[in-house]
Amino acid sequence: MDQGRSTDEEQEPEQEPEQELLARRERGIIALERRGFLGPGAKERAIREELGLAPVRYYQLLNALLDDPRALAHDPVTVNRLRRVRESRRTQR
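To start, this report covers the structure provided alongside it. Please read these numbers as outputs of a predicted model, since none were measured by experiment.

1. Considerations on the overall build of the chain
Broken down by element type, the chain carries six helices and zero strands. Going from the N terminus to the C terminus, the chain shows its helices and strands as α-α-α-α-α-α. Restricting the contact set of the chain to residue pairs at least 6 apart, pairs at least 24 apart contribute 46%. Of the roughly 7300 Å² of accessible surface on the chain, a fraction of 48% belongs to carbon and sulfur atoms.

2. Re the nonpolar core
Counting 15 residues, the largest nonpolar core has Ile29, Tyr58, Leu62, Leu65 and Ala71 as its most contacted members. Every element with two or more residues in this core is listed here: helix H2 (24-34), helix H3 (42-51), helix H4 (55-66) and helix H6 (76-92). By residue number, the principal contributor to this core is H4, which donates five residues.

3. Brief notes about the layout of surface pockets
One number sums up the size of the largest pocket: a volume of about 340 Å³. Taken together, 13 residues line the largest pocket, and the ones lying closest to its centre are Leu62, Leu82, Val85, Arg86 and Arg89. Among the secondary structure elements, those contributing two or more residues to the lining of the largest pocket are H4 and H6. Tallying contributions element by element places H6 first for the lining of the largest pocket, with six residues.

4. Things to note about the pattern of salt bridges
Tallied over the full model, the rule gives six salt bridges. Among the ionic contacts, a cluster of salt bridges with common partners joins Glu26, Asp68 and Arg70.

5. Concerning H4
The end-to-end C-alpha separation of H4 is 16 Å, in line with the 16 Å expected for 12 residues at 1.5 Å each. Those residues of H4 that sit buried are Pro55, Tyr58, Leu61, Leu62, Leu65 and Leu66. One side of H4 holds all its buried residues, which, seen down the axis, span an arc of 140°. Where H4 is buried, its residues contact H2, H3, helix H5 (69-74) and H6.

6. Concerning the environment of Leu72
Here Leu72 lies in helix H5. With residues up to four places along the chain from it excluded, the contact list for Leu72 reads Val79, Asn80 and Arg83.

7. Here's the deal with the packing of H2 against H6
In a packed pair of helices, the relevant descriptors are the angle between the two axes and the axis-to-axis distance. Contact geometry of H2 with H6 gives a least axis separation of 10 Å together with a crossing angle of 70°. By the angle class used here, H2 and H6 are roughly perpendicular. Here Ile30, Glu33 and Arg34 of H2 come into contact with H6, specifically with Thr78, Arg81 and Leu82. Grouping the amino acids of the contact of H2 with H6 by side-chain chemistry returns two nonpolar, one polar and three charged.

The rules behind these values
Residues numbered from 1 in each chain as written. Predicted model: local features only at pLDDT ≥ 70, side-chain atom pairs only at ≥ 80, totals over all residues. Heavy atoms only, no water. Helix = DSSP H or I, 4+ residues; strand = E, 2+ residues; numbered from the N terminus. Contact = heavy atoms within 4.5 Å. Areas by Shrake-Rupley, 256 points an atom, 1.4 Å probe, with all protein chains shown as cover. Core = buried A, V, L, I, M, F, W, Y, C linked by side-chain atoms within 4.5 Å. Buried < 20%, exposed > 50% of the residue type's maximum accessible area, 1.4 Å probe, protein only. 1 Å grid on protein atoms, 1.4 Å probe; cavity = no way out; pocket = protein on both sides within 12 Å on 5 of 7 lines; lining within 4 Å. Points joined across faces, edges and corners; volume = space filled by probe spheres on them. Salt bridge = Lys/Arg side-chain N within 4 Å of Asp/Glu carboxyl O. Expected span 1.5 Å × (residues − 1). Arc of directions from axis to C-beta. Axes fitted to C-alpha atoms, helices over the stretch in contact; angles between N-to-C directions. Parallel < 35°, antiparallel > 145°, perpendicular 65-115°, else oblique. Nonpolar A, V, L, I, M, F, W, Y, C, P; charged D, E, K, R; others polar.

Listed below in structure tokens is the structure:
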């Protein structure tokens, strides 16, 4: 009798709490940073066309995302790379 109950529990996918998930725009920002861009202005054009953001606002949101543990959990390679870049630029100033 408990056997039927355990089968139901096994079929239900585990879901993360809503506050631990990144919004579509946040995932889009990280995905954009994962890509490489050729030529001047290509990245800024992609920011406007794909995300509908001004580049200044994009970089503000990106900077905040780098400090968000949800972003690190979503894509640790990209977030850690961007954190290193940010830190090296801070030390150059």
